[in-house]
4 protein chains.
Amino acid sequence: MTATVSRPVLAASYAAEHERLRVGVIGYGYWGPNLARNVATNPDSVLWAIADLSPRRLSAARDLYPLTAMTTDYTDLLRDRDIDAVFVATPPDTHHRVVIDALEAGKHVLVEKPLATSTEEAEEMVATAKRCGRVLAVDHTFLFTGAVKRMKEYVAAGDVGELYYFDSIRINLGLFNHETNVVWDLAPHDVSIMLHLVSEPVRRVSAFGARHVDTNVENIAYITLEFESPLLAHFHVNWLAPAKVRRTIVGGSKKMLVYDDGEASEKLRVYDSGASLCASREDMYRTFVEYRTGDVVAPKLDKTEALAAETSQFIRSVRGIEEPVSGGELGLEVVRIIEAAQRSLAGGGAPVEVVR
Amino acid sequence: MTATVSRPVLAASYAAEHERLRVGVIGYGYWGPNLARNVATNPDSVLWAIADLSPRRLSAARDLYPLTAMTTDYTDLLRDRDIDAVFVATPPDTHHRVVIDALEAGKHVLVEKPLATSTEEAEEMVATAKRCGRVLAVDHTFLFTGAVKRMKEYVAAGDVGELYYFDSIRINLGLFNHETNVVWDLAPHDVSIMLHLVSEPVRRVSAFGARHVDTNVENIAYITLEFESPLLAHFHVNWLAPAKVRRTIVGGSKKMLVYDDGEASEKLRVYDSGASLCASREDMYRTFVEYRTGDVVAPKLDKTEALAAETSQFIRSVRGIEEPVSGGELGLEVVRIIEAAQRSLAGGGAPVEVVR
Amino acid sequence: MTATVSRPVLAASYAAEHERLRVGVIGYGYWGPNLARNVATNPDSVLWAIADLSPRRLSAARDLYPLTAMTTDYTDLLRDRDIDAVFVATPPDTHHRVVIDALEAGKHVLVEKPLATSTEEAEEMVATAKRCGRVLAVDHTFLFTGAVKRMKEYVAAGDVGELYYFDSIRINLGLFNHETNVVWDLAPHDVSIMLHLVSEPVRRVSAFGARHVDTNVENIAYITLEFESPLLAHFHVNWLAPAKVRRTIVGGSKKMLVYDDGEASEKLRVYDSGASLCASREDMYRTFVEYRTGDVVAPKLDKTEALAAETSQFIRSVRGIEEPVSGGELGLEVVRIIEAAQRSLAGGGAPVEVVR
Amino acid sequence: MTATVSRPVLAASYAAEHERLRVGVIGYGYWGPNLARNVATNPDSVLWAIADLSPRRLSAARDLYPLTAMTTDYTDLLRDRDIDAVFVATPPDTHHRVVIDALEAGKHVLVEKPLATSTEEAEEMVATAKRCGRVLAVDHTFLFTGAVKRMKEYVAAGDVGELYYFDSIRINLGLFNHETNVVWDLAPHDVSIMLHLVSEPVRRVSAFGARHVDTNVENIAYITLEFESPLLAHFHVNWLAPAKVRRTIVGGSKKMLVYDDGEASEKLRVYDSGASLCASREDMYRTFVEYRTGDVVAPKLDKTEALAAETSQFIRSVRGIEEPVSGGELGLEVVRIIEAAQRSLAGGGAPVEVVR
């Protein structure tokens, strides 16, 4: 990695800051620039090097980060002893190899979602992290939004009561990915949110989808998850929707939470469930569900950029201060569910048991 | 003020209007008052009589319609030769008997949705209407809204192109019905809209649901319909949602329609699909779907109250001027699909073939 | 079906109900039908008679209210001893004469807004009501909405703190009135809400407007009210706005209320003002106003139709149970402010003192 | 400016790019970082140096732009012959001195709005730019948004017809500035948009405001502009509003434009004015304004970041390719109007003539 040789004098000021985590970013395509920016602006990390196969993309990166080493060979980063951790944003089917290489080279890893493209790979990655004693975190960014953090607090405090359903919509027009389908592309976001909030394991997965544009990949899918309890989770993911909708409803016996990411402010709203049935005197065959107070509250949310919070949390995990919020186990469970959904899709919607 | 003297005489003006359709309303509970009001205010009909089992409800009706006959026995209306047609808003499980009685008594019938609670019953009702030469219409009110009429025009004109998906959400908090579940209660609305727009027959139905409040009836359900083509239809119905959402997206190869009934105005929006894939130069594995013009249009809609338009359409059907928009055949197909959904629900989501 | 025989007899049930207030409606044009409907459906009133100059409109009324007397001469109602009260919905410039006639005939009066077209007339009407010992109420309907009632509670309880500003927008496309301008037509709604909430008297009025369509009447206007305190009230009224907006903000030292009538639900939202200044350490010349809790609350609102609540309140006023919420004095103050706005408009926006 | 001496070797790659405009940023407080980022990422400019009084802020800048020279003395930049242009984001009362110094030093200038704090100063600055033959542009950023560019196209093409009114709301909670009031802080944005769209000169300005938090500065104001024609422009600016609203309505004889910056997409909507009066048969005193087609269109907008477009436009102006969209003359006119508003505010709302 000869680039490091040519680092200018000013780099000394960075290197001198021994307490900053030195991070390399592998993959500088669609999402990598966001990872790089967050590493560069976090007070506790330094953007030490970037690896990407494309010299053109490296050139763009160099304009923004002239002191950062650039290479087309990601193994340069793994060999660089100055680097403590790598953020991996390469295509999903390369995660398995890159992440295992990095862990075995002693690097802590934050990898773009999904963790892997199969449960088998994901399990091996989690096991490798354990064996090497390194942090493996998966970039399920939404877990670090103010809205999801607040939802977690409500659920953890018991305010939502018994969980009834988790309903999620993530649809938009615009971005097609020919290497994978809409389920692998979008559903990991919502499945990770669901797993973050729900402690009960998923039992069965069913999925329906269709291919309208590219005959090889589904551009729309509906996924249903069943549990032991009557909790129901459902996901609508769609690459061909006219307008962007990203909305999650968590229905519980006490409260219902609506997280609408399209709202400029007031992204989260909390409603009383009022699930106490009360018979109408007049018509016994019709009953009204009563609101308790009926007030709707839009709580104040932490507005820190999710990726910034996630980067900081990763750094604290590496330093042993806390456990990763979005660690390998959660990433593995996401893959397990998506894989089951994929099998159900292939089987015409027949429900698939989740095996662990 | 002598006008008061002439009160009873005024009733003559009603009877004298021979050209008005004389309509009886059977069932004056939740929906019957709306039917009665529309009959009473339509210039081409007279509200001749109301039947309901409850004297208290009849008393409330009498306050509003002092010239209308009231009875607790609906067969009074069937025997009354002055009556041309009956509007039936009794509980669904009574539709079969009341409607067949009415048709056989020579009355034209508009019956509340769903037409019946089983395909077998519905088929018999349709056959009876045919045999008796009477109009049988089902009150799928939404077909008469300005938004659905406009959607029908777009689809019929080919503007939407090939139909890709029909996605519907009808959720709210409030009304529970212990005699039936949320599928039978809410899905007929959306299934009727779908059948109105889509000409292709439904092949398979799958449904998932859960019972959270009343252990006997589902309060949430997700229904998926499959066709021969890759068209996918999906319905989310829910009695336990925090806020009222009623939104339908029709995705096509040329245009996408979004019907959001919660919008004060601009209930319908039309988007370009832009489904022409164009490869991004930079990253061949990612492709952007391009908007064609990208302009969004909210067309002007007919604002006539749907039930008023439906009443007028029914009257024109009785007079032989046009076919019912929402006739017995469509009502039967709705029941067929709901029944299949019910079977899938009972079978844990296993897809059910629709048999005709 | 013998029920038809008993029809005329039913009228007796109305007359027999001695405890119901017998109400006549004068004026059955744009708003009168709403008044008539509310009188007819209120359990404590009877729609005894309707007067309108147009036989065609009376005929339409007769279809709906066959037992109600109809006349083209409103003095018939004033002579009818059976009538306790009249609801007046004639053109504004006739209010003075009709209302004074009615009061002097011993009738209680609810009159459409504005009370009169000049302060002088309004004062005489209020004095006449006092002299005759009859209730004079002005139909400022919005005071009876769930939202305004809740706003009143917040202000009265001191929750809003010191009142800083009252900002109102009432704009839409559609209805033009050639007898008056947009100020007289729309501003009384918002001025009445403001007077209902604010106890301090208005000191100065300024208004700017323009005539774009009809050269005789302003179709847009901006009105500013000043008080002794730094409270500022401002109104935007507009007949030529593309979309309907009806929104009021009440800014106070503790809370801010936003009443958006265009919201399907959550018409009222309550925000913390957080007006405690806190200097930013970094840049002394910039200060951030801090939210206290920052939570936004949309309180549950009474959903009773405003006109129904108003009719009931009027009946209770007539019975001496409570004072009118929207009595002659409030109606007079509205006229005084609108008249001052009109004078400012004529004077090119020069502020006009309000004289009492 | 000794910092230039220490520039690392990599700077050579920048210097070598002779065709890039070399820009210095003066003032790195609230807005300066945005200017710096846009200069740094624009392919046609280089961020050559940053000046700010605060060493702490310079240190933060150095982390992001290690190759850029940093200085606490802005005259260092004026003396640096490598620098072609400066972007000035110092407090408004320093604009006059800094900009004139820069122009006289031969630099092209883009200065934060408002151009100056008095008409006299602004006039001198415009004259100096002319005398020195340098580009003087004012950072009225909104002129470069996709929405305003599209509005300009509609107005310029005559689609809007005769302009009736320009109504603007810019309110929010949060940021207080003790050196100036809300009029000087927020109104320049909307006045610049208005001047960009309206060719007719402003004749009279009236303004009302109030001071609720800081007794020295107005935190709310309403400003009315009058023209020779019946065109009316009105601005509501407010630092103490509960929620952020930024909405502009342009009403014309043919079309009405609504620019709502709070909308996630569809920021601009175009409505038919339908200002053709048509008398209602029934009630001659009420007339309905008819929609022509009634369709609402939300045109596709250019989504380029406004500041990026503005930076590019400035560079093209410097290169003589086109005139500045937001040049000194427009900036001067904004100051002229704000100053008149300030005088009206001081005079209790009395209208003030605009003198040119």
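What this report covers is the structure whose coordinates are included nearby. Every value quoted in this text rests on a predicted model; they were computed, and no experiment measured them. (Residues numbered from 1 in each chain as written. Chains lettered and ligands numbered in written order. Predicted model: local features only at pLDDT ≥ 70, side-chain atom pairs only at ≥ 80, totals over all residues. Heavy atoms only, no water.)

**Observations concerning the overall build of chain A**
Looking only at helices and strands, one finds 10 helices and 18 strands in chain A. Here chain A, with 356 residues, has 62% of them falling under the buried criterion. Put simply, 67% of the contacts in chain A that link residues at least 6 apart link residues at least 24 apart. Element-wise, carbon and sulfur atoms account for 51% of the exposed surface of chain A, whose accessible area totals about 13,500 Å². (Helix = DSSP H or I, 4+ residues; strand = E, 2+ residues; numbered from the N terminus. Buried < 20%, exposed > 50% of the residue type's maximum accessible area, 1.4 Å probe, protein only. Contact = heavy atoms within 4.5 Å. Areas by Shrake-Rupley, 256 points an atom, 1.4 Å probe, with all protein chains shown as cover.)

**Quick word on the environment of Gly209(D)**
Residue and element names in this part refer to chain D. Counting through the fold element by element, Gly209 comes out in strand β9 (residues 204–210). For Gly209, a relative accessible area of 29% translates into the label partly exposed. Each C-alpha atom of the pair Gly209 and Ala309 lies 34 Å from the other, and the pair is 100 residues apart in sequence.

**A short note on the side chain of Thr119(B)**
Residues and elements named next belong to chain B. Within the secondary structure layout, Thr119 lies in helix α6 (residues 119–132). For Thr119, the side chain forms a polar contact with the side chain of Glu339, separated by 2.6 Å. Among all residues touching Thr119, those that are not within four sequence positions of it are Leu332, Val335, Arg336 and Glu339. (Polar contact = N/O pair within 3.5 Å; in protein donor to acceptor, adjacent residues only side chain to side chain.)

**Re the packing of aromatic side chains**
All names here are of chain A. Evaluated as defined, the whole model comprises 8 aromatic pairs over all chains. Between the aromatic rings of Phe87 and Phe314, the centroid separation amounts to 5.2 Å while the plane-to-plane angle is 90°, which identifies the pairing as edge-to-face. Of this pair, Phe87 sits in strand β4 (residues 85–88) while Phe314 sits in helix α9 (residues 306–318); the two residues are 227 residues apart in sequence, bridging distant segments of the chain. Classification of Phe87 by relative accessible area gives buried; the value is 1%. Take Phe314: its relative accessible area is 2%, and that puts it in the buried class. (Phe/Tyr/Trp six-rings, centres within 6.5 Å; stacked < 30°, edge-to-face > 60°.)

**Here's the deal with the pattern of salt bridges**
Residue and element names in this part refer to chain D. If you walk through the whole model with that rule in mind, you get 88 salt bridges over all chains. The closest approach of N and O atoms between Asp272 and Lys255, which form a salt bridge, is 2.7 Å. You can see Asp272 sitting in strand β14 (residues 268–272) and its partner Lys255 sitting in strand β13 (residues 255–260), a full 17 residues away along the chain. Judged by its relative accessible area of 6%, Asp272 falls in the buried class. (Salt bridge = Lys/Arg side-chain N within 4 Å of Asp/Glu carboxyl O.)

**Section: the environment of Met70(D)**
Note that Met70(D) resides in strand β3 (residues 69–71). The spacing of Met70(D) and Val202(D) is 132 residues in sequence and 43 Å in space, taken between C-alpha atoms.

**A short note on the sheet that holds strand β4 (residues 85–88) of chain B**
Residues and elements named next belong to chain B. Strand order across the open sheet formed by 6 strands is β3-β2-β1-β4-β5-β6, with parallel pairing between neighbours. Either end of the sheet is taken by a strand with one partner, and the two such strands are β3 (69–71) and β6 (136–139). For this sheet the average axis-to-axis angle between neighbouring strands, irrespective of direction, equals 20°. Pairing of β4 with strand β5 (residues 108–112) involves 4 bridges; the strand directions are parallel. Paired with Phe87 across the bridge in β5 is Leu110. (Pairing = 2+ DSSP bridges. Axes fitted to C-alpha atoms, helices over the stretch in contact; angles between N-to-C directions.)

**Quick notes on the environment of Glu121(C)**
Its place among the elements puts Glu121(C) in helix α6 (residues 119–132). Here Thr117(C) takes part through its side chain, which lies 3.3 Å from a polar atom of the side chain of Glu121(C).

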